[in-house]
Amino acid sequence: MRNVDYMAVAEKAMKQIKKGAFLTVKAGEDLNTMTIGWATIGFVWRQPILMVAIRDSRHTFGIIEKAADFTVSVPLTDMHDAVMFCGTKSGRDVDKFKELNLKTADGRQVASPIIDTPGIHFECKIAYKAAMDPVHLIAEYEKLYPEKDYHTLYFGEIRECYETG
């Protein structure tokens, strides 16, 4: 494990996130991981920020609403099947960790664990959240929400960023 500058790995991380990465969150005994394909890495409020979007219809939404933090694990090896599974199966119905034999490792700065796989890992404290208001969404993006299950945006202050091999 080696610490890395979040901006130095941002382009590499975003390239993989577009293909799928794991967002993992723990609140009390509740734990889930899901696939994300959208995120933003930047600098807000004088802090390094990773913003993720979660639809209120997702199982993870109920957990992150009770959590103080989350992690994003960006795999650097072929985990296509696991990413696809976690993007199509709900933690309400299946234990993804058991089904896929996914291992976790404790976060260094947050309660939520990372997925224990070679990759880039972001540990984030939730600094702000905002539910999307469709009134402010341009018409051409409305087609992304046929079920009207809009995202809530979670702005996570990056507390740790490191790469595992």
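Refer to the structure printed above.
Residues numbered from 1 in each chain as written. Predicted model: local features only at pLDDT ≥ 70, side-chain atom pairs only at ≥ 80, totals over all residues. Heavy atoms only, no water.

Student: Just checking my understanding: could you explain the overall build of the protein for this structure?
Tutor: Looking only at helices and strands, the protein has four helices and 10 strands in total. Its C-alpha atoms give the protein a radius of gyration of 15 Å, within 12% of the compact-globule value 15 Å for 165 residues. Put simply, the protein has 165 residues, and 49% of those count as buried. Of all intrachain contacts in the protein linking residues separated by at least 6 positions in sequence, the fraction that spans at least 24 positions is 72%. Carbon together with sulfur atoms contributes 50% to the accessible area of the protein, which is approximately 9,000 Å² in total. (Helix = DSSP H or I, 4+ residues; strand = E, 2+ residues; numbered from the N terminus. Rg over C-alpha atoms; globule rule 2.2 N^0.38 Å. Buried < 20%, exposed > 50% of the residue type's maximum accessible area, 1.4 Å probe, protein only. Contact = heavy atoms within 4.5 Å. Areas by Shrake-Rupley, 256 points an atom, 1.4 Å probe, with all protein chains shown as cover.)

Student: Help me understand the nonpolar core in this model?
Tutor: L50, V52, F70, V72 and F122 are the most contacted members of the largest nonpolar core, which has 32 residues in total. For L50, the contacting residues outside a window of four places in its chain are A39, T40, I41, F70, V72, F122, C124, Y154, F155, G156 and I158. Counting eight residues, the second largest nonpolar core, distinct from the first, contains A82, C86, F97 and L102. (Core = buried A, V, L, I, M, F, W, Y, C linked by side-chain atoms within 4.5 Å.)

Note that every value here comes from positions in space, so none of it alone points to a role or purpose.
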